[in-house]
Amino acid sequence: MQAMQPTPRGGLTAKLAVSEKKWGTELNLGVPVHHGLARNVKSYDIVVTTHDGLQQAVGSWEARRR
């Protein structure tokens, strides 16, 4: 398990479970979205940064309004 580092924007917390699968790695992300942060934001990306600094978006989601 590797600790996740917050972005400079901050204010968002998440729980991440990583599982090895035959086809690769599965990421299960739980993010409680605060309505104040979700304003004017259509979607979010999860970005993985390797030890050498390479960044790649590996998933995205949209906040649902209740």
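A quick note: this is a predicted structure, and the numbers were derived from the prediction, not measured.

Draft legend 1. Up close: the pairing of strand 2 (residues 24-30). Where strand 1 (residues 15-21) and strand 2 come together, 7 bridges link them in antiparallel fashion. The residue of strand 2 that forms the bridge with L16 is L29. Count of turn residues in the strand 1/strand 2 antiparallel hairpin: 2 residues.

Draft legend 2. Quick peek at the pattern of salt bridges. Applying the stated criterion to the full structure yields 1 salt bridge. Here E26 ties to K21 by a salt bridge, and the two come within 3.8 Å at their closest N and O atoms. Assessed through its relative accessible area of 25%, E26 is described here as partly exposed. On the basis of relative accessibility, which here comes to 35%, the residue K21 falls in the partly exposed class.

Draft legend 3. A look at the environment of A14. Of note, A14 is situated in the segment before strand 1. Judged by relative accessible area, A14 falls into the partly exposed class, the value being 36%. Spatially, the C-alpha atoms of A14 and G30 are 5.6 Å apart, while their sequence positions differ by 16 residues.

Thresholds, definitions, all that
- Residues numbered from 1 in each chain as written.
- Predicted model: local features only at pLDDT ≥ 70, side-chain atom pairs only at ≥ 80, totals over all residues.
- Heavy atoms only, no water.
- Pairing = 2+ DSSP bridges.
- Helix = DSSP H or I, 4+ residues; strand = E, 2+ residues; numbered from the N terminus.
- Salt bridge = Lys/Arg side-chain N within 4 Å of Asp/Glu carboxyl O.
- Buried < 20%, exposed > 50% of the residue type's maximum accessible area, 1.4 Å probe, protein only.

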